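Summary of the model geometry
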Amino acid sequence: MSRRRLSSEIGIVTIIISFLILLVSLFLYHHHHHALLYFSHGGQTSSSTSPVAASKSHIIRFFQYKKAEDLKQYLERNVKSKGWKWVERQNPAMKFPTDFALVVIDERIEDFLIGELGKLDLVKDVSLDLSYQRGVLHQDHQKRPGKIFTSMSFAAQGDDDDAFFTNTNTNTNTNASWTTTTRRNLMMQKSQVTSLFGADALWSKGYTGAKVKMAIFDTGIRSNHPHFRNIKERTNWTNEDTLNDNLGHGTFVAGVIAGQDVECLGFAPDTEIYAFRVFTDAQVSYTSWFLDAFNYAIATKMDVLNLSIGGPDYLDLPFVEKVWEITANNVIMVSAIGNDGPLYGTLNNPADQSDVIGVGGIDYSDHIASFSSRGMSTWEIPHGYGRVKPDIVAYGREIMGSKISTGCKSLSGTSVASPVVAGIVCLLVSVIPENKRKDILNPGSMKQALVEGASKLSGPNMYEQGAGRVDLLESYEILKSYKPRASIFPSVLDYTDCPYSWPFCRQPLYAGAMPVIFNVTILNGMGVIGYVENPPVWIPSNEEGNLVSIHFNYSDVIWPWTGYLALYMQIKDEGVNFSGEIQGNVSFNVYSPPAEGEKIGRKSSCILRLKLKVIPTPQRSQRILWDQFHSIKYPPGYIPRDSLDVRNDILDWHGDHLHTNFHIMFNMLRDAGYYVETLGSPFTCFDANQYGTLLLVDLEEEYFPEEINKLKDDIINNGLGVAVFADWYNVDSMMKMKFFDDNTRSWWTPVTGGANVPALNDLLASFGIAFGDKILNGDFVINGEQSRYASGTDLVKFPQGGYLHSFPFLDSSESGATQNVLLSGMSKADSPILGLLEVGAGRITVYGDSNCLDSSHMVTNCYWLLKKILDFTAKNIRDPVLFVDSNRQDKALHLDDNQLPSRRTDVNFSTYSAVVGKELICGSDSRFQVWGTKGYDLNVRGRSRRLPGYASIHLNSTHKIPPVNKLRSIHDNSLGNKYLGYLYGDDLDFPELVASHWLIPVTVAVSGLLLLWSFWKIRQKRRRKRKASGFTRSANP
């Protein structure tokens, strides 16, 4: 009886557990299904009232402009598949032909349907309708790493209207302490920002912005506002049923441009204001809203457009290409460069586009405002060099403008500096008679007038101030006598002009160096399209100028209004001992087709003046080669930040270049007597005999097998020193950073960690060195120098005979945090983080953290450590602090290969890589001798050698990298599969489609039902056994 009762109780418990599992699975399915059913888009309605399950909005771009109804009928005739719905866009742009459609696509057939759409003759491409969130990121999982816009300008005074605008930038400008009293005194003396630029001089001549159509893309404006005399039109492009500005930002911007209140005068009070409300009260917008608003601005022939927003994503092609189209249609666009200063490499799009006037901010002392983003542009790196941006700077601190209803207030930020320049542009446009504006004014000629008339500031460099502070009256004089022409910006590169020509003025040219790249912008005021007629030529001023070899790369077509010219400068080998200055000009002609009514094309000569400083080639030990080729940044991939302590910036988007977020380190190295060159091509493309140290910092890229072999040979036989600064890499933590983006209805997950540790381990495997997957944080001291270890990793393999330094840290990785809890809370354990090794003729140093060199999120620098490391790698100088007998390894630190950090199995890394699936080739940023080749002779290898502490090194062997498109290493112990790999397969990185989430609840439900069925079968079997047993007993009493 007891057995039967126990069996019965077990059966009841089993049924209850199975029933609970079923309920949980149904709840999960309902929760995800409900989330997938949700869809909302403002100002737009679906052509069908039935909901579309698991759907996302997509933009279909066409090659032609047609009426929306015609495009709808075209799709209905040619798209055979179901699962898509046309979205009606109810806005003023629908009165005109359009070049795109908005449709809702069922996720279950998304890929197939996009493929079918892409085959249609009229369809250009299909992309997601991204949502833009304007504001500062606060938490990792609240905002997606996509088209993030810079924060609105923050308030300087505390009043109700200003409550929304808060200063979120912790960096303050120590050069400008603006108390309320100081500000009031300034305003009493200077009256208005308009007077600082001499606007009243043009007002006295009758120029007030009359008959200039000014488009303000912002948060709207209220009707009958007393500060404005000429509000021509207000349009709403959002999903909110209002034309009013409920935030105050759009009104403020309009006031700076065209306000007439005596306390906060605008520059052009008679300008015609067209207020485009493209942001909701929650500061949200969509690509489709912008595209429609841009099309309407083109159709209604706006003259000037101000966009006081921006973000780091310059690869949002529908947005970027529409900006090109806007300027190609002769609309002069002015945009804020961004509020991400004082960090370098933080330019915002669209202000970083060459056809847009990008505006930075200064204070009233002509110091660059701390919040103003710095250049260079990062489109071109890691395989080139950025352009000079911002174009100009203007006052952006404590600027007076209009409140929502009445009265004035002050704000600060580049979104305030932008309307200052937009107001100046409106005033300058009104100077040109209406009947001549079409012939003279365009985005090219206006930018020429602004940059050529600007006043260069004495302190900042070109990547901080561009051409300098905008000068209204100088630009006015240029426009008065303007004849259509082409020009170059900057028009001079002077190695003796420091600090303006930084970084070029910090390091002279010398023979044998990697090419020094200087990227200038071609401005074409002759027409929207132009061509470089003949290849540029270098014309030296004297015979010494023939020692300079310059190669050129330039735009095939100069469009719209702008192009680029890149100079690759080298000193010829015969100049190895030359010391002095070399001057000369780079000259070329720009040709534009005939303008309307003309029969002959327009032609203009452009001259770039060069003044170069040359020195004899430094000794090998003084020369450092910085690896830029193996750096990957955002965009296009979700490359996470290097320091996980930083919560307000989830992306690694500053370029990781010597002249962006490593600019302070570059200056330090120059001060220490080192010469630093940049490698933008694979390791096979440099001659190791020329360099003391190869510096590998914060690298995310993979390596060609040929690179691994060559580096091995360079170290052992050619005496190259290598210094590696890695970062965190932990698959569990990366999966934890993954989050769902409500805007794109997709999952975003990091492409790699702070550094690509599995790739670095492949690179260092032959030397018995490997990094681990801990995420270590804490302070440590070496010889009295205190440093911060911020989200660094540990060393898990290191050979005998090397020197290894360990310190107690907390492991904050997902697995480490679990261990800490199990072991008594947050206990610190010694972790090896710094290793120094002599191997063959060369030397290797490895360190697990790069944040102490990166000015983006640096807590404390480790320049002192870098200098000691370089002394060792380049000169074999052994600092007694680092080379202590107690730190020498008597036996090798070892970890089995199958326990090393492994590549993620759920990321298609080839999408972001210049290595995976690509051909090894030396680019134009390598020495001229190896351009277009695979590099220096790869067949010259030494004999096999056995080195102490690790296995025999076969220099002729080929190191095989596991296929990264599958991203599974040979000894893969990745925990990525544990979460999602088995369920979802590849391409989980970004975006990962939510439609696949039905697998989880369905899997749980099926498992519960199978469990219930299994226990039922067991109970049935036991009952049959009991019956058989009972029958046997009764038959045999």
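For the structure itself, consult the block above.
Thresholds, definitions, all that
- Residues numbered from 1 in each chain as written.
- Predicted model: local features only at pLDDT ≥ 70, side-chain atom pairs only at ≥ 80, totals over all residues.
- Heavy atoms only, no water.
- Buried < 20%, exposed > 50% of the residue type's maximum accessible area, 1.4 Å probe, protein only.
- Helix = DSSP H or I, 4+ residues; strand = E, 2+ residues; numbered from the N terminus.
- Pairing = 2+ DSSP bridges.
- Axes fitted to C-alpha atoms, helices over the stretch in contact; angles between N-to-C directions.
- Parallel < 35°, antiparallel > 145°, perpendicular 65-115°, else oblique.
- Left-handed = near helix turned anticlockwise from the far one by under 90°.
- Contact = heavy atoms within 4.5 Å.
- Core = buried A, V, L, I, M, F, W, Y, C linked by side-chain atoms within 4.5 Å.
- 1 Å grid on protein atoms, 1.4 Å probe; cavity = no way out; pocket = protein on both sides within 12 Å on 5 of 7 lines; lining within 4 Å.
- Points joined across faces, edges and corners; volume = space filled by probe spheres on them.
- Nonpolar A, V, L, I, M, F, W, Y, C, P; charged D, E, K, R; others polar.
- Patch = residues over 30% accessible without salt bridge, like charges linked within 9 Å, V, L, I, M, F, W, Y side chains within 5 Å.
- Areas by Shrake-Rupley, 256 points an atom, 1.4 Å probe, with all protein chains shown as cover.
- Salt bridge = Lys/Arg side-chain N within 4 Å of Asp/Glu carboxyl O.
- Polar contact = N/O pair within 3.5 Å; in protein donor to acceptor, adjacent residues only side chain to side chain.

**Structural notes on the pairing of strand 27 (residues 602-614)**
Here strand 27 shows a buried face lined by R602, S604, C606, L608, L610, L612 and V614 and an unburied face lined by K603, S605, I607, R609, K611 and K613. Here 3 bridges tie strand 20 (residues 492-494) to strand 27, and the two strands are oriented parallel to one another. Each residue of the ladder has a partner; that of D494, found in strand 27, is K611. Pairing between strand 26 (residues 580-592) and strand 27: 13 bridges, direction antiparallel. Following the sheet pairing, Y591 is matched in strand 27 by K603.

**Thoughts on the packing of helix 10 (residues 414-431) against helix 14 (residues 472-480)**
Two elements in contact, helix 10 and helix 14, have axes separated by 10 Å at closest approach and are oriented at 30 degrees. Considering the angle they form, helix 10 stands roughly parallel to helix 14. Considering how the two elements wind past one another, helix 10 and helix 14 form a crossing that is right-handed. In this structure, helix 10 uses I424, L427, L428 and V431 to contact helix 14, whose residues at the interface are L472, S475, Y476 and L479.

**Here's the deal with the nonpolar core**
Counting 146 residues, the largest nonpolar core has F197, V421, M446, L610, M665, F725 and L853 as its most contacted members. For this core, the leading source of residues is helix 10, giving 12 residues. Discounting chain neighbours no more than four positions away, the residues touching M446 are I332, I357, V425, L428, V429, L441 and L479. Membership of the second largest hydrophobic core comes to 50 residues, among which are Y638, I708, I715 and F798.

**A look at empty space enclosed by the protein**
A complete count under the given rule lists 5 cavities of 30 Å³ or more for this structure. Approximately 380 Å³ is the volume found for the largest cavity. In terms of lining residues, the largest cavity is bounded by 28 residues, among which P515, V516, I517, H659 and T678 are the most central. Counting residues per element, the ones that place at least two in the lining of the largest cavity are strand 21 (516-524), strand 25 (562-571) and strand 29 (675-679). A breakdown of the residues in the lining of the largest cavity according to their chemical character gives 18 nonpolar, 8 polar and 2 charged. Estimated volume of the second largest cavity: approximately 80 Å³. Considering the residues around the second largest cavity, the lining is formed by 11 residues, among which Y729, V751, T752, R904 and F909 are closest to the centre.

**Digging into the packing of helix 8 (residues 287-299) against helix 9 (residues 317-328)**
The geometry of helix 8 relative to helix 9 is characterised by a closest axis approach of 10 Å and an angle of 10 degrees between their N-to-C directions. Taken together, the axes of helix 8 and helix 9 are roughly parallel relative to one another. Contacts from T287, F290, L291, F294, N295, A297 and I298 in helix 8 reach P318, F319, K322, V323, E325 and I326 in helix 9. Partitioning the contact of helix 8 with helix 9 into residue classes produces 9 nonpolar, 2 polar and 2 charged.

**What about a nonpolar patch on the surface?**
A cluster of nonpolar side chains, namely Y531, V557, W559 and Y591, defines an oily patch on the protein surface of about 350 Å² accessible area. Position of W559 relative to the elements: it lies in the loop between strand 24 (548-554) and strand 25. According to the relative accessible area criterion, W559 is partly exposed, its value standing at 39%.

**Here we look at the sheet that holds strand 14 (residues 332-336)**
A sheet is described by the order of its strands in space; here 7 strands give the open sequence 10-11-9-13-14-15-16, paired in parallel fashion. Of all strands in the sheet, those bounded by a partner on one side alone are strand 10 (231-236) and strand 16 (392-395). Each adjacent strand pair in this sheet contributes to an overall mean axis angle of 25 degrees, direction not counted. One ladder, built from 4 bridges, connects strand 13 (residues 304-307) with strand 14; its direction is parallel. Of the residues in strand 14, the one forming a bridge with V304 is I332.

**Side note on helix 12 (residues 443-453)**
An α-helix turns once per 3.6 residues; consequently, residues spaced three or four apart project the same way. Among the 11 residues in helix 12, 10 count as buried, and that is most of the element. N-capping of helix 12 is provided by N442, with a side-chain oxygen placed 2.8 Å from the backbone N of G444.

**Description of the pattern of salt bridges**
In this structure the tally under the stated criterion is 39 salt bridges. R387 serves as the salt-bridge partner of E380, at 2.8 Å between the closest nitrogen and oxygen. On the basis of relative accessibility, which here comes to 22%, the residue E380 falls in the partly exposed class. Given a relative accessible area of 6%, R387 falls into the buried group. Here E477 makes a salt bridge to K480, at a shortest N to O gap of 3.4 Å. Highlighted residues: E477 and K480, both in helix 14, separated by 3 residues, approximately one helical turn. Accessibility expressed as a relative area gives 41% for E477, which makes it partly exposed. Residue class for K480 comes out partly exposed when judged on its relative accessible area of 48%. The network of salt bridges with common partners includes R61, K124, D125 and E321.

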